[in-house]
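In case you want the letters, here they are:
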Amino acid sequence: QLVESGGGSVQAGGSLRLSCTTSILTFGLYAMGWFRQTPGKEREFVAHINWSGTSAYVSNSVLGRFTISRDDAKNTVYLQMNSLKPEDTAVYYCAAGLSGSGDDQSSYNYWGQGTQVTVSS
């Protein structure tokens, strides 16, 4: 029920905007999160926005470079990624949860299939 798009390959310093569109009819009730994973590593938290869009935050590793936002009219959450670094290379996943809470992955009910982001130096 979640479909990510916008991934791709970019050089260091570049930007990408990821989108996550959902068919969940009550999207406006869900908190949304972005996570990422690289081979051999655990999936890690990137960003979270609450159901109303009044609270949003990102992990320290992307602070000042990434921004999460949502458009409930389009049932879509975005992750704007600027000043990308090679260490941002990963598969990025969006997640939705009625009680989705920050980096607690177990609090999210739905997950997308992921979109690959590759940043070259």
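Above this text is the structure in question.
Parameters at a glance
- Residues numbered from 1 in each chain as written.
- Predicted model: local features only at pLDDT ≥ 70, side-chain atom pairs only at ≥ 80, totals over all residues.
- Heavy atoms only, no water.
- Buried < 20%, exposed > 50% of the residue type's maximum accessible area, 1.4 Å probe, protein only.
- Helix = DSSP H or I, 4+ residues; strand = E, 2+ residues; numbered from the N terminus.
- Pairing = 2+ DSSP bridges.
- Axes fitted to C-alpha atoms, helices over the stretch in contact; angles between N-to-C directions.

Quick look at the pairing of strand β7 (residues 66–71) now. Only one face of β7 is buried, namely the one carrying F66, I68 and R70, since none of T67, S69 and D71 on the opposite face is buried. Relative to strand β8 (residues 76–81), β7 runs antiparallel, the two sharing six bridges. What sits directly across from T67, in β8, is Q80. Where β7 hands over to β8, the hairpin turn is made up of four residues, of which N75 adopts a positive phi near 50°.

Spatially, the four strands line up as an open sheet ordered β1-β3-β8-β7, and their pairing is antiparallel. In this open sheet, the two edge strands, each paired with only one partner strand, are β1 (2–5) and β7. Strand-to-strand twist of the sheet, defined as the mean angle between neighbouring strand axes without regard to direction, takes the value 15°. Across six bridges, strand β3 (residues 16–22) lies against β8 in antiparallel orientation. Note that in β8 the partner of C20 across the bridge is V77.

Take it as geometry only, folks, not as evidence of what the structure does.
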